[in-house]
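# Descriptive analysis of the structure
These are the residues of each chain, in order.
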Amino acid sequence: MKTVYNFSAGPAVLPKEVLQEAANEMLDYKGSQMSVMEMSHRSKVYEGILNEAKADLKELLSIPDNYKILFLQGGASTQFAMIPMNLMKNHEADYIVTGQWAKKAAQEGQLYGKANVIASSEDKTFSYIPDLDNLAFSKNADYVYICENNTIYGTKYSTLPDTKGIPLISDISSCFLSEPMDVTKYGMLFGGAQKNIGPAGVTIAIIREDLLGDEVFEGTPTMLRYDTHVKADSLYNTPPAYGIYICGLVFKWIKSQGGLEGMKKMNEEKAGILYDFLDSSHMFKGTARKQDRSLMNVCFITGDEKLDKKFVEEAKEEGFENLKGHRSVGGMRASIYNAMPKEGVEALIKFMKKFEEENL
Ligand SMILES: *Cc1c(COP(=O)(O)O)cnc(C)c1O
C-alpha cells in the first residue's frame, strides 16, 4: 500500500497516535464499557474529559485566570456573528481584511453596526499583510478584528497591530497551537477545531472576562450569548462531546512533543524546507509575500494553469492528497499543520523536483 499524505486545509490531518488511541478506546473508555460517544455529558467520567481538555489547553497557551475558555459549536463562521452580537456595545468595530474569512466576518459585523474596514490587502489577491504602523482606529470601536493566519492565501501576521488599548480579536482557526502566543495581547481568540486541533464540530473561544457583560445586541438568542456558556462552563446544552474528547487527546499529544515550543520548531523546519525549495525552483513559485508567509498553509503556482492541474493529478496518484488550491484562487496549497510529519513534506519536495525535471 502506498503512503498517503493528506495536505487538506481542513478538516485536516490528525496525529496518527491520537487516532490510534481513540480507536483503542472506541468501545470501552477506560473500563466504563461505553464509548465516549455514548456517554452522558453530565456524567462524572465526561466531566473529567472536559475539565482535563480545558486544563491542558490552559497550560499549553499559558492562558491567564481572567480568560474564559469556551467549547462551542457552529464553526468559526458562527463567531463572525456572535462577536458583534456580544461585544459590539457601541455598534462600531474595526476590521483588517486579509482574506475571505476576515471579509466575511466584517460583512457579518455590518449586520449589527458599523464594521469599518481600516485596512485590506484585497488589491493584490490578499497575498500580503497590510502595513500595521499607520492604522487609523475608529474612536468608538469596541474591538479590532483580525484573521491571524489566512488559510486560503498562505499569509500570516508576523507582528500584531498595536491597537492602543482597544481589545484585539483574532481568528486563529488555522494557526491554533502551531506556536506559542501571548494570550494577554488579545481580548479574544477563537477558531474552529478542524484545522489544527481536532474534528469539525468544535469551536474554541478564549475571552477576557471584562469583555463579557450581560449587555448584548437586542434579540440575541440565548445559545449565541457568551455569558450563557460561561455561566454553564460549556455545559449549557449538549456540547460536541466526542469532538472535545479528541481535542483533549491532541492537547496531550502536543504536550508530549515539547508543547508549543516543540510545535514551532517542527513547523518552522517543515515550512522552511518547502519555502526554500520554492525559492530555488525554476517551475514552482510561492504566491505570498515573503515576510508574510504562513507556517501552516503554503500556496504556490507554476504560472501555467494546465501544468498546475497536471501536477495536482499526478501528485494525487502518488499519494499526495488535497494539494489543489482554494477554489477562489486556484494553484496549489500544501497545508502542513502540526500533525503533518516532516517526512510528508520531504516526500512532497522530492516529488515536486521530479515533476519539475520531467515537465520543464
Ligand atoms: C476554515 C476557516 C474558517 C471557517 O471555519 P468554519 O468552522 O467552517 O466556520 C474561518 N476562519 C479561518 C481562518 C478558517 O481557516
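Residues take numbers from 1 onward in each chain, read along the sequence in its written order. Where totals are concerned, whole chains, interfaces and linings use all residues; where local detail is concerned, this predicted model gives features only for residues with pLDDT of at least 70, and gives and counts side-chain atom pairs only at 80 or more. The basis for every side-chain value is the complete set of non-hydrogen atoms in the structure, without hydrogens or water.

Naming follows an unreviewed UniProt entry, where the chain appears as Phosphoserine aminotransferase of Aequitasia blattaphilus. UniProt positions are given in the numbering used here, feature names are shortened, and annotations may be inferred rather than shown by experiment. Here the chain is described in UniProt, under the heading Pathway (unreviewed entry), as follows: "Amino-acid biosynthesis; L-serine biosynthesis; L-serine from 3-phospho-D-glycerate: step 2/3." Quoted verbatim from the Subunit (unreviewed entry) field of the UniProt record, the comment on the chain reads "Homodimer."

## A few points about the sheet that holds strand 12 (residues 297-301)
Taking strand neighbours across the sheet as the criterion, the three strands line up as 11-12-14 in an open arrangement whose pairing is antiparallel. Bordering the open sheet on either side are strand 11 (285-286) and strand 14 (332-335), each of which pairs with just one other strand. Taken together, the four bridges between strand 12 and strand 14 define a ladder with antiparallel strand orientation. Across the sheet, Asn 297 pairs through a bridge with Ser 335, a residue of strand 14. Here, strands pair whenever DSSP counts at least two bridges between them. The helix count covers DSSP runs of H or I at least four residues long, the strand count covers runs of E at least two residues long, and both are numbered beginning at the N terminus.

## Focus on the sheet that holds strand 10 (residues 203-208)
Pairing is mixed across the open sheet formed by seven strands, whose spatial order is 2-10-9-8-5-3-4. Looking along the sheet, the strands with just one partner apiece sit at the ends: strand 2 (67-72) and strand 4 (114-120). Strand-to-strand twist of the sheet, defined as the mean angle between neighbouring strand axes without regard to direction, takes the value 20 degrees. Across three bridges, the pairing between strand 8 (residues 168-171) and strand 9 (residues 188-192) is parallel. Paired with Asp 171 across the two strands is Phe 190, which belongs to strand 9. By definition, residues are in contact when any of their heavy atoms lie within 4.5 Å. Interaxial angle, 0 to 180 degrees, is taken between N-to-C directions of lines fitted to C-alpha atoms, where a helix line uses only the stretch in contact. Contacting strand 3 (92-97), strand 4, strand 5 (144-147) and strand 8, helix 4 (residues 100-109) crosses the sheet at an angle of about 160 degrees to strand 3.

## Some remarks on the domain arrangement of the chain
Note that the domain bounds reflect an automated or database-derived domain assignment. In terms of domains, the chain is made up of domain 1 (17-256) and domain 2 (258-359). With 27 residues of domain 1 at the contact, the number on the domain 2 side is 26 residues. Approximately 2100 Å² of surface area, both sides summed, lies buried where domain 1 meets domain 2, with 57% of it carried by carbon and sulfur atoms. A side-chain nitrogen of Lys or Arg and a carboxyl oxygen of Asp or Glu constitute a salt bridge if their distance falls within 4 Å. The interface formed by domain 1 and domain 2 contains one salt bridge. Residue Glu 179 pairs with Lys 264 through a salt bridge whose shortest N-O separation is 4.0 Å. Contacts described as polar in this section are N or O atom pairs within 3.5 Å, which, within protein, must combine one atom able to donate a hydrogen with one able to accept it, while residues neighboring in sequence count only if both atoms come from side chains. Counting across the interface, domain 1 meets domain 2 through 15 residue pairs in polar contact (both at pLDDT 80 or more). At the level of secondary structure, the elements contributing two or more residues to the side of domain 1 that touches domain 2 comprise strand 7 (155-156) and helix 6 (241-256). Top element by residues in the side of domain 1 that touches domain 2 is helix 6. It accounts for four residues. The residue classification treats Ala, Val, Leu, Ile, Met, Phe, Trp, Tyr, Cys and Pro as nonpolar and Asp, Glu, Lys and Arg as charged. All others, Gly included, are polar. Its residues assigned to classes, the side of domain 1 that touches domain 2 shows twelve nonpolar, eleven polar and four charged. We define buried area as the total accessible area lost by two parts upon association, computed with a 1.4 Å probe and summed across both.

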